[in-house]
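This is what each chain is made of:
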Amino acid sequence: MKKIEAFLKCVDCGKEYDLSQVRYTCDCGGTLDLTRDLSGVDGEELKNLFDSRWGQKWGATASGVWRYKELIFDIPDEQIVTRMEGNTRLYPAGKAGEYAGLKNFFLKHEGENPTGSFKDRGMTCGTTAAKYYGAKTVACASTGNTSASMASFAAVSGMKSVIFIPEGKIAYGKLAQALAFGGKTLQIKGNFDDAMSLVQDVCRELNIYLLNSINPFRIEGQKAIGFEVLQQFNWEVPDWFVIPGGNLGNNSALSKGLQELYQLGIINKIPRIAVIQAEGSAPLAKMWKNHTPFEPVKDPDTIATAIKIGNPVSWKKSLRGLEWCNGVVESVTEQEIMDAKAFVDMAGIGAEPASCCSVAGAKKLVDMGVIDKDAKVVGILTGNVLKDPDAVIGYHKDELASMGIKGNFANKPLVIDANVAAVKAALEA
Ligand SMILES: *Cc1c(COP(=O)(O)O)cnc(C)c1O
Ligand SMILES: [Zn+2]
């Protein structure tokens, strides 16, 4: 297989840069894509190479990201920083499928990655790039999962990590991971968007490698979610992907990867993508529905803290992808998110609140007649159920009234006397 050369290209003005120097944005201020010239590449040969690595037991290409390295970041195996991420399961949605009104609904559980979220797919690629550029320290602003992931990959590769998080607004499981993995954790007096702008200044001035999703290498790693789903379906293309949207990097990655497979002839049908935002932080959904210019949301709010982002960096990449695949953007309420989550959890699968936008959104789009109930649909579950135990307990104890959320499908814990009669009564209740 001849090496496919990659370079950076501006999303706004098209200017190109080679990979010889660290770069996150174009001279014009636009965001950058890692791009490659795919003309003359034999798609069939590439697909066979990917298939030949399936089930490999050891080595970098046993990873569910680096299995596709020719389309991600083609670098010698020994330079790769990996935790054998990816290789996550694809489940029939069970009760969550019935809830959404879909007969052919699958859930791709990215919460089964090493640190419990899809961020590991981007981070394996981002930290590999950091090493490639000789970085000693990496940094990110994070609503939680990015920092948990970065701290882990930095630790594995012997780099230092610095984390900027919005003060008091991060789920417990995620903060715990960042501290445990040794990330220098700075709580910023401000929201995620404030932390995001600060970290960019800090990286520029202190020569630290920036690993927010503005980093073009992270998006490349995240493309592997779509690649892996297709490979799990033997390259048969589903009708829809439904995916939560916060900073909007993940759906941009999904469409970018699919576009490349389509260009290579590895797939011959374009699936549609539905991006789902939480109503309280839905700048893209607003723009989409009202046909208005993009406008950040000032005080984003949602129980789904992973997507509580008012000024997403990747909105242009996201729109470009949605236009390509005839996608849609929708928003869901807090109650819809947590009720959908109850069914994802009840199905025995489980995921954190933001992830369950996929199921809440699928249900809404089926109800609206946008998604056909017979369609083959893949919902992306982005994070693990244990990331945010407070949200789970709050819902099941019906203690989220202050957030306007009812425990409609609560499974309340009962306090009973320590005797058989009391147990019998509880079981019959
Ligand atoms: C980061 C994250 C998202 C949002 O992904 P974006 O790329 O920011 O749109 C959704 N769910 C979980 C669990 C996340 O960690
Ligand atoms: Zn530019």
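Residues numbered from 1 in each chain as written. Chains lettered and ligands numbered in written order. Predicted model: local features only at pLDDT ≥ 70, side-chain atom pairs only at ≥ 80, totals over all residues. Heavy atoms only, no water.

A.B. asks: Hey, could you run me through the site of ligand 1 in this one?
C.D. replies: Near ligand 1 you find 15 residues, and of these Lys119, Asn145, Asn247, Asn250 and Thr382 are the closest. Between ligand 1 and the protein, one listed contact pairs an oxygen atom with a backbone N or O atom of Asn247 at 2.8 Å. One of the backbone nitrogen or oxygen atoms of Leu248 is found 2.8 Å away from an oxygen atom of ligand 1. In the complex, 97% of the free accessible area of ligand 1, which totals 380 Å², lies under the protein chains. By residue class, the composition of the shell around ligand 1 is 5 nonpolar, 8 polar and 2 charged. (Near = heavy atom within 4 Å. Polar contact = N/O pair within 3.5 Å; in protein donor to acceptor, adjacent residues only side chain to side chain. Areas by Shrake-Rupley, 256 points an atom, 1.4 Å probe, with all protein chains shown as cover. Nonpolar A, V, L, I, M, F, W, Y, C, P; charged D, E, K, R; others polar.)

A.B. asks: Please clarify how the environment of Ser147 should be interpreted in this entry.
C.D. replies: Within the element layout of this structure, Ser147 appears in helix α4 (residues 145-157). Considered as a pair, Ser147 and Gly14 are 133 residues apart in the sequence and their alpha carbons are 31 Å apart. Among all residues touching Ser147, those that are not within four sequence positions of it are Cys140, Ser142, Ile163, Ile165 and Ala178. At a separation of 2.7 Å, a polar atom in the side chain of Ser147 contacts the main-chain carbonyl oxygen of Gly144. (Helix = DSSP H or I, 4+ residues; strand = E, 2+ residues; numbered from the N terminus. Contact = heavy atoms within 4.5 Å.)

A.B. asks: Mind showing me how you'd approach the coordination of the zinc ion (ligand 2) here?
C.D. replies: The reference angle at a metal is 109.5 degrees if four donors form a tetrahedron and 90 or 180 degrees if six donors form an octahedron. Distances from the zinc ion (ligand 2) to its protein donors, namely Cys10 (SG), Cys13 (SG), Cys26 (SG) and Cys28 (SG), fall within the range 2.3 Å. Relative to the metal, the 4 donor atoms surrounding the zinc ion (ligand 2) lie at angles of 104 to 118°, and the coordination shape comes out tetrahedral. Motif for the zinc ion (ligand 2), donor spacing along one chain: C-x2-C-x12-C-x1-C. Taking the relative accessible area as the measure of exposure, Cys13 reaches 47% and is therefore partly exposed. (Donors = N, O, S within 2.8 Å, 3.2 Å for Na, K, Ca; no water. Tetrahedral: all angles 85-135°; square planar, octahedral: opposite > 155°, others 65-115°. Buried < 20%, exposed > 50% of the residue type's maximum accessible area, 1.4 Å probe, protein only.)

A.B. asks: What's the story with the sheet that holds strand β10 (residues 240-244) in this structure? I'm lost.
C.D. replies: What links the strands of a sheet is backbone hydrogen bonding, and the strands pair in either a parallel or an antiparallel sense. Here 6 strands make up an open sheet; going across it, the order is β4-β5-β13-β10-β11-β12 and the pairing mixed. Two strands close off the open sheet at either side, each with one partner strand: β4 (90-92) and β12 (328-332). Sheet twist, expressed as the mean angle between neighbouring strand axes with direction ignored, is 25°. In this sheet, strand β13 (residues 376-381) lies alongside strand β5 (residues 104-109) in parallel orientation, the contact comprising 6 bridges. The residue bridging Phe105 from the neighbouring strand is Val377, located in β13. Along the sheet, helix α8 (residues 224-232) makes contact with β4, β5, β10 and β13, crossing β5 at roughly 130°. Where helix α9 (residues 249-263) meets the sheet, its contacts fall on β10 and β11 (272-278), and the angle it forms with β10 comes to roughly 155°. (Pairing = 2+ DSSP bridges. Axes fitted to C-alpha atoms, helices over the stretch in contact; angles between N-to-C directions.)

A.B. asks: So what exactly am I meant to see when it comes to the packing of aromatic side chains here?
C.D. replies: Ring pairs (aromatic) are described by centroid distance and by the angle formed between their planes. With the rule as written, the count across this model stands at 14 aromatic pairs. Ring geometry for Tyr68 against Phe227: centres 5.4 Å apart, planes inclined by 65°, an arrangement best described as edge-to-face. Separated by 159 residues along the polypeptide, Tyr68 in the loop between α1 (43-53) and β4 and Phe227 in helix α8 bring together distant segments of the chain. This pair shows no difference in class: Tyr68 is buried, exactly as Phe227 is. Ring centres 4.7 Å apart and planes at 70° place the aromatic pair Phe343 and Phe409 in the edge-to-face group. Highlighted residues: Phe343 in helix α12 (residues 334-346) and Phe409 in the loop between α14 (389-396) and α15 (420-428), separated in sequence by 66 residues. Site record: aromatic cluster; members linked through ring pairs are Tyr24, Phe73, Tyr132, Tyr133, Tyr209 and Phe217. Here Arg23 stacks its cationic end above the ring of Tyr17, 4.0 Å away from the centre of that ring. Sitting over the face of the ring of Tyr99, Lys363 holds its NZ or CZ atom 4.9 Å from the ring centroid. (Phe/Tyr/Trp six-rings, centres within 6.5 Å; stacked < 30°, edge-to-face > 60°. Lys NZ or Arg CZ within 6 Å of the ring centre and 35° of its normal.)

A.B. asks: Sorry, what's going on with the sheet that holds strand β8 (residues 184-188) here?
C.D. replies: Read across the open sheet, the 4 strands follow the order β8-β7-β6-β9; overall the sheet is parallel. Sheet topology places β8 and β9 (209-210) at the edges, where each strand pairs with a single neighbour. Sheet analysis places strand β6 (residues 137-141) next to β9, joined by 2 bridges and oriented parallel. Bridging across to β9, Val138 finds its partner in Tyr209. The sheet contacts of α4 involve β6 and β7 (160-166), and relative to β7 the element is tilted by about 170°. Sitting on the sheet, helix α5 (residues 172-180) touches β7 and β8, and the angle it makes with β8 is about 140°.

A.B. asks: Teacher, can you tell me more about the packing of α12 against α14 here?
C.D. replies: A pair of packed helices is characterised by two quantities: the angle between their axes and the separation of those axes. Between α12 and α14, the least distance of the axes is 11 Å, while the angle of their chain directions is 95°. For the element pair α12 / α14, the angle class is roughly perpendicular. Mapping the contact onto sequence places Met338, Asp339, Lys341 and Ala342 in α12 and Ala391, Val392 and Tyr395 in α14. Grouping the amino acids of the contact of α12 with α14 by side-chain chemistry returns 5 nonpolar, no polar and 2 charged. (Parallel < 35°, antiparallel > 145°, perpendicular 65-115°, else oblique.)

A.B. asks: Honestly, the nonpolar core in this entry has me stumped. Any pointers?
C.D. replies: Membership of the largest hydrophobic core comes to 94 residues, with the highest contact counts inside it found for Leu71, Phe73, Phe164, Tyr209, Phe217, Ile273 and Leu284. The element best represented in this core is helix α6 (residues 192-206), accounting for 6 residues. What Leu71 contacts, discounting residues up to four positions off in sequence, is Ile4, Arg36, Leu38, Leu46, Phe50, Glu220, Lys223, Phe227, Glu260, Leu261 and Leu264. Of all hydrophobic cores here, the second largest spans 42 residues; its members include Val242, Ala354, Val366 and Leu381. (Core = buried A, V, L, I, M, F, W, Y, C linked by side-chain atoms within 4.5 Å.)

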